[in-house]
Amino acid sequence: MYWKNPVRSWRRQPNRYEYLNQTGKLISWTEISAPPVSFQWQQTYLVGLIKLDSGETTVHQLVEVSRDQLKMGMKLKGVLRKLYEDGPEGVITYGVKFKPIKQI
Amino acid sequence: MNNRVFVQAAVQTKFGELWDQDWTDLAQTVTQQALQQTTISLSQIDAIFVGSMTHAWVLGQHNLTGVVSQMLGVHIPIIPIEVACASGGVAFYQAVQAIQSGQYQRVLVLGVEKMADVESSVIAEALMGAAAFEEREAGLTFPGLYALIARAYMHQYGLSREDLAQVPVASHKWAKLNPLAQFPFEITPEQVINSSCVASPLGLLDCSGVSDGAAVVILSNKPAAVSVLSSQMATDSIGLMSRHSMTDLKAVQIAAKQAYQQAKLKPTDIDLAEVHDCFSIAQVVAMEDLGLAAKGKGIEAALGQKLPINTSGGLKACGHPVGATGVKQVVEIVTQLQGQAGARQISHPKIGLTHNVAGSGSAAVVSILRKEPG
């Protein structure tokens, strides 16, 4: 493991929230059941491949939705959520995850 | 320029969880075995290209140049190459280039990986060093990245879970015939479908395992039974989300096209192929990217209904010590072309192809080898 340094988190601050409030549609997804070390606190979680309205494709965790509710093409929106408690930067890190726009 | 390249020796170790052997044990053993296959002595080797990926993370060892120099007692150029799971394939590509250009006459290509010493979550994190930062921050793993490809492919082309589950079944049938395979036993489609979920829709039996192992190929410009007609490399973005398509790998398409052109051959000329089936869906997509099947129709070719695929058992069942894989693929093709594959020998192959991929498609090496006439 490499040295944990919060300066990495600080350096990424200008870009970390660029997907906040952006909208797009789900083009693929998976449920991770065998996570890497940094995500073992979550046990299982959903990750989506999202085609944004801007045309860009991005990848983020999906929240406020279960795997049975996911549908290809469903509309999603970027929201602020906690990414790590004790991750690679050694600080509690916040970033963007995506949730369905329509109430499920 | 453009000297011809011949294979003088091709050897692999047993793949598996090799608790009694360290990185250098594997490298030393396989190198000595390869040298015993040829009249070329160690002192005649001009350079060594070494494919390995996780040594710094898993073993805490950098500077493989010094490690190999001390291990073999040589002072020649030793060039470590790390291109994720294509490290071995790129080492082979570089060695071929070096002989074709006239820089060297005799080159040893060594692929080694020691992965089983650490738990699976640690190796998952180490391997994710080959993915984009955004993918790591989303908590993705390589099974997760290929699961995204699998779901997009299944949605776009209607591939069923039942059909996809046939791919590892076919690999295990070949591995049962390979004494050097990590998993030399058969499995059923039901076992694949019901295996514990790793990253949906992929289960444990859709995924290549964690393996230790090594392979060596010795190349020279001196005629031998098997020649290298072409070896080509192409690259793409490190992140899956930056690609033009989620259901094909552009780097493979480019490398394959250039490899066929260099060899003056067509996909229909290939008698057998060793492809990079790190996950079941990867083998289906590979068939299409290599021109062995039409878009959306890769499943039949992946099951070997057009030509034998992965007679070694592939990454899935022979094992996937990542730095060794690209070299082992060449070893299997050479073994088949020389008619020395034992119970898994196919009938009189003349042309074989290897396909080695880094990450989720950030680099690919496609090579074509031929059994020399006479």
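These numbers were taken from a predicted model, which means no experiment stands behind them.

K.L.:
How would you explain the packing of helix 9 (residues 166-175) of chain B against helix 12 (residues 280-289) of chain B if you had to name every residue and give the values?
P.N.:
Residue and element names in this part refer to chain B. Where helix 9 contacts helix 12, the two axes come as close as 8 Å, and the packing angle between them is 90 degrees. The orientation of helix 9 relative to helix 12 falls into the category roughly perpendicular. Two secondary-structure elements touch here, helix 9 through Val167, Pro168 and Ser171 and helix 12 through Ser280, Gln283 and Val284. In the contact of helix 9 with helix 12, the residues fall into 3 nonpolar, 3 polar and no charged.

K.L.:
Quick rundown of the interface of chain B and chain A? Include the residues and the values.
P.N.:
Taken together, the contacts link 26 residues of chain B with 29 residues of chain A. Between chain B and chain A the total buried area reaches about 2300 Å² when both faces are included, carbon and sulfur atoms providing 63% of it. At the surface where chain B touches chain A, the tally comes to 1 salt bridge. Measuring nitrogen to oxygen at the nearest pair gives 2.6 Å for the salt bridge that ties Glu137 of chain B to Arg16 of chain A. Between the two partners, chain B and chain A, sit 13 residue pairs in polar contact (both at pLDDT 80 or more). Contributing elements (two or more residues each) for the side of chain B that touches chain A: helix 5 (120-127), helix 6 (133-137), helix 7 (142-157) and strand 5 (197-199) of chain B. The leading source of residues in the side of chain B that touches chain A is helix 7 of chain B, at 6 residues. Broken down by class, the residue content of the side of chain B that touches chain A amounts to 14 nonpolar, 6 polar and 6 charged.

K.L.:
Before we move on, could you go through the packing of aromatic side chains and cite the residues and values that matter?
P.N.:
Here the structure, examined in full by the defined rule, presents 4 aromatic pairs over all chains. Between Phe183 of chain B and Phe185 of chain B, the ring centres sit 6.2 Å apart and the planes meet at 75 degrees, which makes this aromatic pair edge-to-face. You can call Phe183 of chain B partly exposed: its relative accessible area is 22%. Above the ring of Trp29 of chain A, the side-chain terminus of Arg151 of chain B is found at 3.5 Å from the ring centroid. Looking at Lys316 of chain B, its charged tip hangs above the ring of Phe183 of chain B, at a distance of 5.3 Å from the centre.

K.L.:
Give me the lowdown on the pattern of salt bridges, citing residues and values where you can.
P.N.:
Pairing of side chains with opposite charge becomes possible as their charged atoms draw close. What the rule picks out here adds up to 16 salt bridges over all chains. The residue Lys176 of chain B makes a salt bridge to Glu186 of chain B at a minimum N-O spacing of 3.6 Å. Taken together, the positions of Lys176 of chain B in the loop between helix 9 and helix 10 (189-194) and Glu186 of chain B in the loop between helix 9 and helix 10 put the pair 10 residues apart, joining distant regions of the chain. Here the salt bridges share partners, and the residues they tie into one network are Glu64, Arg81 and Lys99 of chain A.

K.L.:
Tell me about helix 15 (residues 322-337) of chain B, and please be specific about residues and values.
P.N.:
Residue and element names in this part refer to chain B. With 16 residues, helix 15 should reach 22 Å at 1.5 Å per residue; the first-to-last C-alpha distance of 24 Å fits that figure. Along its length, helix 15 reaches its greatest deviation from straightness, about 25 degrees, at Lys328. The buried count for helix 15 comes to 16 of 16 residues, which makes it a mostly enclosed element. Positive backbone phi, approximately 70 degrees, marks Gly339, located one or two places after helix 15.

Thresholds, definitions, all that
Residues numbered from 1 in each chain as written. Chains lettered and ligands numbered in written order. Predicted model: local features only at pLDDT ≥ 70, side-chain atom pairs only at ≥ 80, totals over all residues. Heavy atoms only, no water. Axes fitted to C-alpha atoms, helices over the stretch in contact; angles between N-to-C directions. Helix = DSSP H or I, 4+ residues; strand = E, 2+ residues; numbered from the N terminus. Parallel < 35°, antiparallel > 145°, perpendicular 65-115°, else oblique. Contact = heavy atoms within 4.5 Å. Nonpolar A, V, L, I, M, F, W, Y, C, P; charged D, E, K, R; others polar. Buried area = accessible area lost by both parts, 1.4 Å probe. Salt bridge = Lys/Arg side-chain N within 4 Å of Asp/Glu carboxyl O. Polar contact = N/O pair within 3.5 Å; in protein donor to acceptor, adjacent residues only side chain to side chain. Phe/Tyr/Trp six-rings, centres within 6.5 Å; stacked < 30°, edge-to-face > 60°. Buried < 20%, exposed > 50% of the residue type's maximum accessible area, 1.4 Å probe, protein only. Lys NZ or Arg CZ within 6 Å of the ring centre and 35° of its normal. Expected span 1.5 Å × (residues − 1). Bend = angle between axes of the 7 residues up to and from the residue.

Taken by themselves, the reported measurements are silent on function.
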